[in-house]
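The lines below spell out each chain.
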Amino acid sequence: MIATNIRRLGVYLMLAFAVVSGSITWWQVVEAHSLSTRPDNPEVLAARRSLLRGTIFDAEGQVLASSEVIDGLSRRTYTDPAMTHVLGYSSLRFGSTGLERTFEDILVGQTDPNPIRDLVSDVLARQPEPRDLTLTIDRRLQDFAAAQLGADAGAVVAIDPRTGAVLAMVSTPTFDATPISGDPDGAQEPMDALRNDPAEPLLARARQGLYVPGSILKVFTAAAALDAGVISPDTTYPDQPREEREGFVVDGFTIREHDLGGIEPALWPLSEALQVSSNIFFAHVGLELGAERFLEYARRFGFCGPIRMGPPERALSVTPSLVTGSLDGDCGPFSGDVDLASASFGQGQAAVTPVQMALLAAAIAGDGVMPDPYVVRDVRAHADGDAPADEILDSFGSGGGTRVVSAEAAAATRGGMVDAVNGELGRLYAGQGDITLYGISDARSAGKTGTAQLGGEQAPHSWFIGFAPAQEEATPRIAVAVLVESGGSGSDGAAPIAGRVMAEWLRLSGGD
Amino acid sequence: MTGEILRVLLLGLQLGFVALLYLVLMRFAGSLLRDLRSAEEAQMSSRSGIGRLSVLESPADEPPNGTTIALGPINSIGRNVNNTIFVEDDFVSANHAMLTFRGRSWFVEDQGSTNGTYVNGHRIDRPVALSFGDELSIGRVRMRLDR
Amino acid sequence: MIGSRSRIAWRGAEFRLLFPILLLVPLGFVITNIALAGAPEVGDLTLAVGYVLLFAGAHLLLVVLGHRGDQLILPAVGAMGGVGMIMLNRLPQDLAGTSAFGLELGMAATQLLWFGVGIIAMLAIAVGLRDDGILRHYKYSWAAVGIALLAATLVLGYEVNGARLWIDLGPVSVQPGELLKIVLVIFIAGYLAETRTLLTSASVRIGFLSVPPLPYFLPMLALFGVVMLIVVRLNDLGTALLFFGIFLTMLFVATGRRSYVLIGLVLFVAGSFVAYRLFGHVQARVDVWLDPFADPLGAGFQPVRAIYALGRGGIFGEGLGQGLVTLGGNLTIPFVHTDFIFTAIAEELGLLGAFALLGFAMVLVFRGLRIAALARDDFGALLAVGVTTSLGLQTLIIIGGNTKLIPLTGITLPFVSYGGSSILASFIMIGLLLAVSHRSGTADRASGS
């Protein structure tokens with residue numbers, strides 16, 4: 001009888017062995033291929049150690065990053081620290097970040113292995129072919145913008161509103177990635193220094209920094225309300241002039257105007273409200289728009305979720321911008337009308353990235369179509385020298401963008417932004433912040449300053465978003481967002497930088 | 001180019017190694033099959049009995065030491081020669097114990113002996129089921145129930 | 001039966017099988033040496049020769065001493081151990097080792113030393129254990145030894161990777177759990193051999209389930225419960241799973257009752273669930289198992305790396321000595337010599353090699369079951385079943401863990417993983433199998449003549 005049971009046990013064990021064989025086969029045959037392409041596969045990591053990486057060029061064919069193999073170790077050299085937060089780094093010790101990570105397999109030209117490879121290509125010792133990347137970023141503009149920020153912490157994002165091509169994306173402070181990408185043994189010390197630096201140079205502020213937007217968000221509120229038909233360019237609020245002085249009571253909480261710099265309150269329509277940056281006016285607009293529609297427009301503009309810069313699987317990640325407290329990576333509901341009214345003029349719980357703000361400016365500049373941003377223009381065969389090869393293997397272009405508001409709503413908002421920079425009240429309010437385009441004849445810019453109040457003794461963050469050329473009939477060629485951490489008022493810190501960056505681009509790109 | 005030659009050499013050696021592995025495995029399979037066949041035959045021939053007693057210790061050598069006794073379904077054990085299993089020992093009663101096969105298992109029952117019947121060293125006071133391999137002590141005689 | 005001890009028994013099948021295996025090991029050493037040196041040099045074959053001599057010596061001794069036990073077991077062990085030795089010799093030698101008796105021994109050398117100790121133990125048991133009375137009649141003493149071993153671990157043990165399994169004995173550290181396994185098998189075999197008729201004939205029905213009669217059941221259940229409690233307390237989940245599997249299997253073989261196994265499994269699932277809710281480390285293990293890629297650089301590091309290693313191996317393997325064992329001076333899988341030795345083998349020998357290794361393990365398991373079926377008595381049969389189940393389940397649990405079939409547990413692959421206690425315990429179990437099969441072998445002969 002025991003013998004019978006043993007025979008049965010044998011059958012069970014046989015089944016167990018069969019199942020285990022199946023699971024081995026699963027990984028070694030069925031999944032082997034997809035495993036081999038994952039970026040944290042040690043095989044991929046190991047290959048990267050010795051494989052030549054492709055060169056990365058800027059839009060004008062300047063070398064930004066190049067590799068050479070020394071003693072069997074692939075070492076990366078970066079030519080421009082201003083580019084670090086776009087390119088990332090490719091370290092033998094710390095892995096890779098930025099474009100180096102998202103375009104990893106293309107840069108090293110990793111070929112997909114298959115079972116036969118083990119027998120054949122091992123013998124042939126075929127080396128994968130590296131590929132080069134060309135960016136949309138122009139190094140000249142990038143360096144110019146970085147120089148404008150100087151020693152301040154902040155970010156400049158410049159986008160071509162017609163295509164979504166990123167022209168510059170600077171985060172400061174930055175660092176030279178070459179030391180941590182070279183000799184793996186020598187990489188630890190510089191990396192530790194970067195990690196311990198209180199200025200946080202490892203943070204790519206343009207994409208990953210979340211800041212209170214302040215008044216620049218009024219551009220969004222205006223465009224949304226115009227598109228929804230809640231306001232027209234002529235809408236005014238009768239109680240507004242009184243409330244400018246006494247405060248606007250919402251749910252028992254008094255919303256007060258900021259310092260208008262001596263300008264006497266009056267019954268202001270949209271253009272004037274933008275010029276003096278009236279909080280009270282936009283609190284009314286936001287409340288009239290209502291929480292539901294406010295959030296709906298926010299999502300349309302790309303808030304409340306991650307933004308993809310580039311083709312889906314190779315996109316640079318951008319931290320989601322928020323207008324309310326976050327809820328599982330989405331915008332949560334507003335806690336009440338005070339919250340909604342505050343968000344309408346850019347305070348409250350709103351927190352945004354410079355990239356998101358540049359896209360907001362680009363959407364207005366683009367007649368209501370928000371472009372799909374991208375950083376890498378094309379993939380080319382590896383060039384031996386310092387000039388990119390002619391052979392283009394793959395190219396990425398404009399995704400066509402998304403219409404977020406009607407052309408009419410965009411045009412009305414644009415008018416307000418032009419006035420905010422050039423109008424009588426605008427110049428009065430902005431004081432010395434003259435941001436006409438220095439040295440560029442008869443081209444005009446449009447924009448909006450922001451002063452993000454942080455509370456307490458902290459100096460406010462200085463913001464500016466805008467685009468140029470913005471005179472009537474002109475098609476804007478550049479939309480920018482500038483953030484200067486603790487840079488004071490928008491007109492003091494960010495606006496002059498934005499003006500110079502836009503002027504520089506118009507000069508570089510050949511128009512005036 | 002030595003690198004290429006080395007790779008070819010290693011590939012060849014590796015294939016040889018794996019081939020050898022599977023050769024061994026085939027030989028195992030062969031041996032397994034052979035044994036399976038002989039085991040079948042062995043089982044056929046040994047299926048005849050329901051069990052047997054191996055004599056482990058027998059001071060008077062009756063039953064003889066080291067022999068095995070084929071068992072029927074009912075076996076009486078004692079010093080009386082009329083018993084199925086005759087045991088020559090001063091400590092064994094005339095009709096000492098009964099060893100019976102009931103259905104699926106073996107049972108032993110003491111027949112009121114003077115010195116008792118022991119299974120695996122424990123004295124029994126009622127019919128007890130036996131497993132193959134159990135040791136039966138009657139007087140000074142030790143026997144084991146085997147298949 | 002008497003006198004068979006002195007007669008020489010030619011073990012032809014064993015010789016025919018051992019011969020190619022003993023060629024295999026030096027060949028493997030040569031391949032790895034060439035691959036690692038990057039030059040066609042044969043390299044140092046001392047350990048390979050040592051391994052060959054150990055098994056050849058064991059074979060000769062069995063022949064001379066007239067052992068009539070199974071002839072496939074030793075070659076199967078030799079094949080598994082051989083593949084393991086090739087791999088251990090190829091890994092960085094400073095992963096483990098001993099510095100005893102004034103000698104500095106690397107990992108492979110230490111492993112070979114343990115093979116020597118194990119083979120001696122195996123031979124002593126296979127030849128010396130002519131009467132199993134000492135095992136079956138003193139089962140409670142064995143149980144006491146087992147409890148003592150556990151208690152010693154609980155008091156004296158020190159932790160490695162969160163599980164307190166090791167006792168430091170001067171030059172060597174031992175894992176009492178490995179030896180406890182054997183003691184437990186002996187106890188259960190002894191207990192079930194004695195009570196199995198009662199357990200099968202008398203049973204209480206509750207609803208549609210037949211429940212074992214408690215009075216006969218309780219002593220074993222109590223002992224087993226104590227063992228499980230302590231093992232779980234020691235954080236040794238793999239061993240707990242193994243013990244439970246052995247227990248249920250032996251119970252099934254002894255009684256033939258599927259319901260007992262079913263009750264056991266239900267209890268196990270319930271217990272696992274409770275453990276999952278109560279213990280953070282259990283929960284962490286399970287979560288890593290469900291999605292190792294969630295934290296590929298933290299908790300999921302080793303499982304993820306193991307899966308990658310399997311994928312790299314593919315069907316034909318990366319080639320002996322050509323696997324990606326280290327990356328920039330760091331091991332790609334830190335526990336490659338113990339918990340993940342199988343993935344290293346599967347990486348370098350591919351699916352072909354992995355299946356061959358699994359094949360050897362299956363030979364071992366099915367021969368073990370055959371020995372059990374042919375055993376002359378119930379105790380021998382149950383002992384063989386227990387020992388075989390232990391070796392087989394260990395293989396299944398660790399390979400299943402390596403391939404993410406079940407949560408990973410720190411259990412060794414018998415004869416392949418590095419580890420003295422495991423090697424010694426596995427060889428003792430082989431010794432028991434040989435002893436059981438020797439006795440049925442002589443009995444067959446006696447009945448045949």
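Above this text is the structure in question.
Peer 1: Go over the overall build of chain B, please, and point to the residues and values.
Peer 2: If you tally the helices and strands in chain B, you get 1 helix and 11 strands. Overall, chain B shows an N-to-C arrangement of helices and strands of α-β-β-β-β-β-β-β-β-β-β-β. Buried residues in chain B amount to 40% of all 147 residues. In chain B, once contacts between residues fewer than 6 apart in sequence are set aside, the share between residues at least 24 apart is 33%. Total accessible area computed for chain B in this model is approximately 7,900 Å², and 56% of it derives from carbon and sulfur atoms.

Peer 1: Please provide a residue-by-residue account of the environment of A:Gly154, values included.
Peer 2: Residues and elements named next belong to chain A. Within the fold, Gly154 resides in strand 7 (residues 154-159). Between the C-alpha atoms of Gly154 and Gly209, which are 55 residues apart in sequence, the distance is 9.1 Å. Those residues in contact with Gly154 that sit more than four places away from it in its chain are Leu149, Val170, Ser171, Thr172, Arg205, Leu483, Val484 and Glu485.

Peer 1: Talk me through the environment of A:Arg245; I want residue IDs and the actual numbers.
Peer 2: Residue and element names in this part refer to chain A. Considering the arrangement of structural elements, one finds Arg245 in helix 13 (residues 240-246). Arg245 gets classed as exposed once you look at its relative accessible area, which sits at 53%. Separated by 12 residues in sequence, Arg245 and Glu257 place their C-alpha atoms 7.4 Å apart. Among all residues touching Arg245, those that are not within four sequence positions of it are Glu264 and Pro265.

Peer 1: I'd love a proper account of the sheet that holds strand 1 (residues 52-57) of chain B, names of residues and values included.
Peer 2: All names here are of chain B. Judged by pairing direction, the sheet is antiparallel, and its 6 strands sit side by side in the order 2-1-11-10-7-8 without closing on themselves. Of all strands in the sheet, those with a lone pairing partner are strand 2 (68-70) and strand 8 (122-123), marking the two edges. The pairing of strand 1 with strand 2 spans 3 bridges and is antiparallel. Across the sheet, residue Leu53 finds its bridge partner in strand 2, namely Ile69.

Peer 1: If you had to explain the pattern of salt bridges to someone new, which residues and values would you point to?
Peer 2: Scanning all chains against the criterion turns up 26 salt bridges over all chains. Sharing partners across several salt bridges, the network here consists of A:Arg53, A:Arg76, A:Glu100 and A:Glu104.

Peer 1: Just give me the short version of the sheet that holds strand 17 (residues 392-395) of chain A, but keep the residues and values in it.
Peer 2: Pairing between the strands of a sheet comes from backbone hydrogen bonds, and it takes one of two forms, parallel or antiparallel. Residue and element names in this part refer to chain A. As summarised here, the arrangement of the 6 strands in space is 3-2-1-6-16-17, forming an open sheet in which the pairing is mixed. The two strands at the open ends of the sheet, each matched to only one other strand, are strand 3 (73-78) and strand 17. Examined bridge by bridge, strand 1 (residues 56-57) and strand 6 (residues 131-135) share 2 bridges and lie parallel to one another. Along strand 6, the bridge assignment pairs Ile56 with Leu133.

Peer 1: I'd like a rundown of helix 2 (residues 46-64) of chain C, residues and numbers included.
Peer 2: All names here are of chain C. Here helix 2 contains 19 residues, and its C-alpha end-to-end distance of 26 Å stays within 8% of the 27 Å for a straight helix at 1.5 Å per residue. Taken together, the buried positions of helix 2 are Leu47, Ala48, Gly50, Tyr51, Val52, Phe55, Ala58, His59, Leu62 and Val63. One or two steps after helix 2, the chain reaches Gly66, where phi turns positive at roughly 70 degrees.

Peer 1: Tell me about the interface of chain A and chain C, and name the residues and values.
Peer 2: The parts lose accessible area when they come together, and the size of an interface is often stated as this lost area. Residue-level contacts link 36 residues of chain A with 51 residues of chain C. In this assembly, chain A packs against chain C so that about 4,000 Å² is buried in total across both faces, 75% of it on carbon and sulfur atoms. A per-residue breakdown of the area chain A buries against chain C is headed by A:Phe17, A:Trp27 and A:Gln28, which together make up 19% of the total. Summed over the shared surface of chain A and chain C, the result is 0 salt bridges. Joining chain A to chain C, the criterion identifies 8 residue pairs in polar contact (both at pLDDT 80 or more). Those elements that place two or more of their residues in the side of chain A that touches chain C are helix 1 (2-30), helix 2 (32-36), helix 3 (42-50) and helix 7 (115-124) of chain A. Top contributing element to the side of chain A that touches chain C by residue count: helix 1 of chain A, with 20 residues. Of the residues assigned to the side of chain A that touches chain C, the class counts are 21 nonpolar, 7 polar and 8 charged.

Peer 1: How would you sum up a positive patch on the surface? Please name residues and give values.
Peer 2: A cluster of basic side chains, namely B:Arg27, B:Arg34, B:Arg37 and C:Arg16, defines a positive patch on the protein surface. A total of 3 residues in the positive patch trace back to one element, the largest contributor, which is helix 1 (residues 2-46) of chain B. Mapped onto the elements of the fold, B:Arg27 is located in helix 1. The class of B:Arg27 is partly exposed, set by a relative accessible area of 36%.

Peer 1: A description of the packing of helix 8 (residues 139-149) of chain A against helix 21 (residues 494-508) of chain A should follow, citing residues and the corresponding values.
Peer 2: All names here are of chain A. Packing of helix 8 against helix 21 brings their axes to within 10 Å, and their N-to-C directions diverge by 160 degrees. Considering the angle they form, helix 8 stands roughly antiparallel to helix 21. Crossing hand, helix 8 versus helix 21: right-handed. Only Ile497, Arg500, Val501, Glu504, Trp505 and Leu508 of helix 21 make contact with helix 8, whose side of the interface consists of Arg140, Leu141, Phe144, Ala145, Gln148 and Leu149. Taken together, the residues that form the contact of helix 8 with helix 21 break down as 8 nonpolar, 1 polar and 3 charged.

Peer 1: Outline helix 6 (residues 139-156) of chain C, listing residues and values.
Peer 2: Residue and element names in this part refer to chain C. Taking 1.5 Å per residue, 18 residues should reach 26 Å; helix 6 reaches 25 Å between its end C-alpha atoms and fits that length. Among the residues making up helix 6, those that are buried are Lys139, Ala143, Gly146, Leu150 and Thr153. Considered in projection along helix 6, the buried side chains sweep an arc of 80 degrees and stay on one side of the axis. For helix 6, the exposed residues set more than 90 degrees away from the buried face come down to Val155 and Leu156.

Peer 1: So, unusual backbone geometry: which residues are in play, and what are the values?
Peer 2: All names here are of chain A. Of the consecutive residues Thr172 and Pro173, the connecting peptide bond is found in the cis state with omega at -5 degrees. Inspection of the secondary structure puts Pro173 in the loop between strand 8 (166-172) and helix 9 (178-181). That bond from Ala468 to Pro469 is cis: its omega, -10 degrees, falls within 30 degrees of zero. If you trace the backbone, Pro469 turns up in the loop between strand 20 (461-468) and strand 21 (478-484). Positive phi, normally seen in glycine, also occurs at Cys304, with a value near 70 degrees. You can see Cys304 is positioned in the loop between helix 16 (291-300) and strand 11 (307-309).

Calculation criteria
Residues numbered from 1 in each chain as written. Chains lettered and ligands numbered in written order. Predicted model: local features only at pLDDT ≥ 70, side-chain atom pairs only at ≥ 80, totals over all residues. Heavy atoms only, no water. Helix = DSSP H or I, 4+ residues; strand = E, 2+ residues; numbered from the N terminus. Buried < 20%, exposed > 50% of the residue type's maximum accessible area, 1.4 Å probe, protein only. Contact = heavy atoms within 4.5 Å. Areas by Shrake-Rupley, 256 points an atom, 1.4 Å probe, with all protein chains shown as cover. Pairing = 2+ DSSP bridges. Salt bridge = Lys/Arg side-chain N within 4 Å of Asp/Glu carboxyl O. Expected span 1.5 Å × (residues − 1). Buried area = accessible area lost by both parts, 1.4 Å probe. Polar contact = N/O pair within 3.5 Å; in protein donor to acceptor, adjacent residues only side chain to side chain. Nonpolar A, V, L, I, M, F, W, Y, C, P; charged D, E, K, R; others polar. Patch = residues over 30% accessible without salt bridge, like charges linked within 9 Å, V, L, I, M, F, W, Y side chains within 5 Å. Lys, Arg positive; Asp, Glu negative; His and termini not counted. Charge placed at Lys NZ, Arg CZ, Asp CG, Glu CD. Axes fitted to C-alpha atoms, helices over the stretch in contact; angles between N-to-C directions. Parallel < 35°, antiparallel > 145°, perpendicular 65-115°, else oblique. Left-handed = near helix turned anticlockwise from the far one by under 90°. Arc of directions from axis to C-beta.

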